[in-house]
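# Remarks on the overall topology
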Amino acid sequence: MPSPYVRRRQLAAEIRKLRESRGLTTDGLAQLMYYSRTKISRLENAQGRPDVGEIMNMLEVLEVTGDQYGKLLKLVREAAHKGWWDKYGISMGSRQKLYADLEYSAATVRDYNQTAMPAVLQAPEFISALVDLDQCQGKLDYVPERMAEARMRRQRELLRQDGPTYETVLDECVIHRLAVPPQAMIAQLQHMIRRVSEEERITIRVLRHDAHVPGGFLPKSDFYLYTFADPGDSPMAVVDTVTADHVLTQRGEVARYARLYDRLREAALSREDSVTFLDRVASRLTDQTGSRA
């Protein structure tokens, strides 16, 4: 099943195209359908799951017939599909729901992490430590237990037989600057080492703190790149900021982030050297804390 979020964006573009081809404004279509302008705007901005019946009514009012009707009906049904993450509602956090949705049908996932460990490779002890850090910043917009459960489900989905190929470039500064207890960091490093060792589709490349990244400026934030199995689904980039995730679909914008990722990847350690480095850091932390993790 394709990503419902990807399909919602495609449906949004089709609705906008239909409206404009009929010479209608957003207000005009809203009046024609007896909908609010807000509802039309939400549909055209892919905000929320579409109602199949409502879209069918819209297609009939706009006199869409034949193959075009069948194509759009298939699109809206896929856009309305519920994934495993929907059972969590908002308890897992809206941002994590977006990533779970995109990973669901991705062929490849690549990301750069300069502020956190890759979410799909986090150990339970580390997740708990992150929740403690998050609570220092104010009220949580998720339920910690449900968020942690959903995050572990994302790991299982990543590791499923037909799951995507996953590669992350991890900035070394995350290991040293993130204020989690040493035991949590040790558990996290060991967890990532196990995952990479057990699954060839998963790669971690550590970007050392003294690595030079030639060819342009450095990234300003974490970002994620997705390609999809369906050839009709274009690559996508998501840029992580403090308050929101910005989804990019324009070919030029996505290509720019892909080039940036390639530069970071080239400057990072190899897969094998990264595992060796992570193991060495975990051993040093263990020696320093006297932990037997």
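Definitions and limits used
One numbering rule holds for all chains: residues counted from 1, following each sequence as written. Given that the model is predicted, a residue must reach a pLDDT of at least 70 before its local features are reported, and side-chain atom pairs must reach 80 or more before they are shown or counted; all residues, however, enter totals for whole chains, interfaces and linings. For side-chain calculations, the full set of non-hydrogen atoms in the structure is used, while hydrogens and water are omitted. Elements are defined by DSSP. Helices are runs of H or I of four residues or more, strands are runs of E of two residues or more, and each kind is numbered from the N terminus. Relative accessibility decides the category of a residue: with a 1.4 Å probe and only protein chains considered, values under 20% of the type maximum give buried, values over 50% give exposed, and everything between is partly exposed. Here a residue-residue contact requires only that any non-hydrogen atoms of the pair lie within 4.5 Å. By construction, the arc corresponds to the directions joining the helix axis to the C-beta atoms.

Attention shifts here to the side chain of E44. With respect to the element layout, E44 can be found in helix α3 (residues 37–44). The buried category is assigned to E44, whose relative accessible area is 6%. What E44 contacts, discounting residues up to four positions off in sequence, is A12, I15, R16, R19 and T26.

Below, the discussion takes up the environment of L170. Tracing the backbone shows L170 in strand β2 (residues 165–171). The class of L170 is buried, set by a relative accessible area of 0%. In contact with L170, other than residues within four places in its own chain, are N113, A116, M117, P118, M192, I204, R205, V206 and L207.

When α3 is considered as a whole, its buried residues turn out to be I40, L43 and E44. Down the axis of α3, the sector holding all buried residues measures 95 degrees, keeping them to one side. Contacts from the buried residues of α3 go to α1 (4–21), α2 (26–33) and α4 (52–61). Looking one or two places after α3, you find A46, whose phi comes out positive at around 55 degrees.

As a further point, take the environment of I40. In this structure, I40 sits in helix α3. Once the C-alpha coordinates of I40 and E253 are considered, the two residues, 213 residues apart in sequence, prove to be 27 Å apart.

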